Amino acid sequence: MNSFLEQLGSDPILMISAAIGIVLILFIVLVVVVANLRIKTYKDRYINTRIDNMEKEKLISSLQKELQELKILNTQNKQELQHFADTKKRLEETKEKLSSTQKSLAQTQKSLAQTEAQLKHLNEIHDVLGEEHTSLKERFEVLNEENSKLRVNNARLLMKLESEERVNGRHHQSRGSERS
């Protein structure tokens with residue numbers, strides 16, 4: 001090797017060739033080192049990107065699950081909202097029915113009050129007429145008894161009158177026979 005170095009030192013072309021060879025080797029080594037560094041950088045980026053992608057996939061998966069849950073919840077909320085709307089509509093209908101029922105009740109109560117007042121008035125009239133009927137019945141019985149007494153008296157008086165007429169008629173006949 002020493003002989004090669006001596007020969008290299010004495011020959012300038014060989015020295016230039018050796019220098020070019022060394023420069024080429026250094027350039028190749030530099031290119032290899034730079035390529036190796038780039039490969040390592042790209043490899044690290046690829047690993048980091050892969051890790052990021054895995055994390056993003058997990059995040060996307062969890063977000064999709066959450067989206068599904070939210071869709072289900074949204075569907076339930078829509079159903080509840082529809083149910084609420086139906087309930088609200090039924091409540092309005094019930095309020096209207098209640099209002100009409102209350103009006104009907106008020107009219108019925110007014111009619112009932114009038115009917116009760118009429119019933120009370122008619123009961124009072126009935127009581128008055130009942131009392132009047134009782135008093136008229138008693139008066140009728142009294143008058144009937146008086147009428148019976150008067151008939152009996154009339155019958156007696158009529159019988160007395162008839163018997164006096166017979167007696168007077170005989171007496172007139174006997175006087176008339178006496179006159180003749």
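Residues numbered from 1 in each chain as written. Predicted model: local features only at pLDDT ≥ 70, side-chain atom pairs only at ≥ 80, totals over all residues. Heavy atoms only, no water.

1. Brief notes about a negative patch on the surface
- A surface patch of like charges, here negative, comprises Glu138, Glu141, Glu145 and Glu146.
- Mapped onto the fold, Glu146 is located in helix α2 (residues 12-179).
- Taking relative accessible area as the criterion, Glu146 reaches 43% and is therefore assigned partly exposed. (Patch = residues over 30% accessible without salt bridge, like charges linked within 9 Å, V, L, I, M, F, W, Y side chains within 5 Å. Areas by Shrake-Rupley, 256 points an atom, 1.4 Å probe, with all protein chains shown as cover. Salt bridge = Lys/Arg side-chain N within 4 Å of Asp/Glu carboxyl O. Lys, Arg positive; Asp, Glu negative; His and termini not counted. Charge placed at Lys NZ, Arg CZ, Asp CG, Glu CD. Helix = DSSP H or I, 4+ residues; strand = E, 2+ residues; numbered from the N terminus. Buried < 20%, exposed > 50% of the residue type's maximum accessible area, 1.4 Å probe, protein only.)

2. Here's the deal with the environment of Val128
- Tracing the backbone shows Val128 in helix α2.
- Residues Val128 and Ile47 lie 81 residues apart in sequence; the distance between their C-alpha atoms is 116 Å.

3. Considerations on the environment of Met159
- Looking at the secondary structure, you find Met159 in helix α2.
- What makes Met159 exposed here is its relative accessible area of 56%.
- Linking Met159 and Leu14, residues 145 residues apart in sequence, is a C-alpha distance of 204 Å.

4. Quick look at the environment of Pro12
- Within the element layout of this structure, Pro12 appears in helix α2.
- Separated by 147 residues in sequence, Pro12 and Met159 have C-alpha atoms that sit 206 Å apart.

In short, the description is geometric, and any link to function would need to be established separately.
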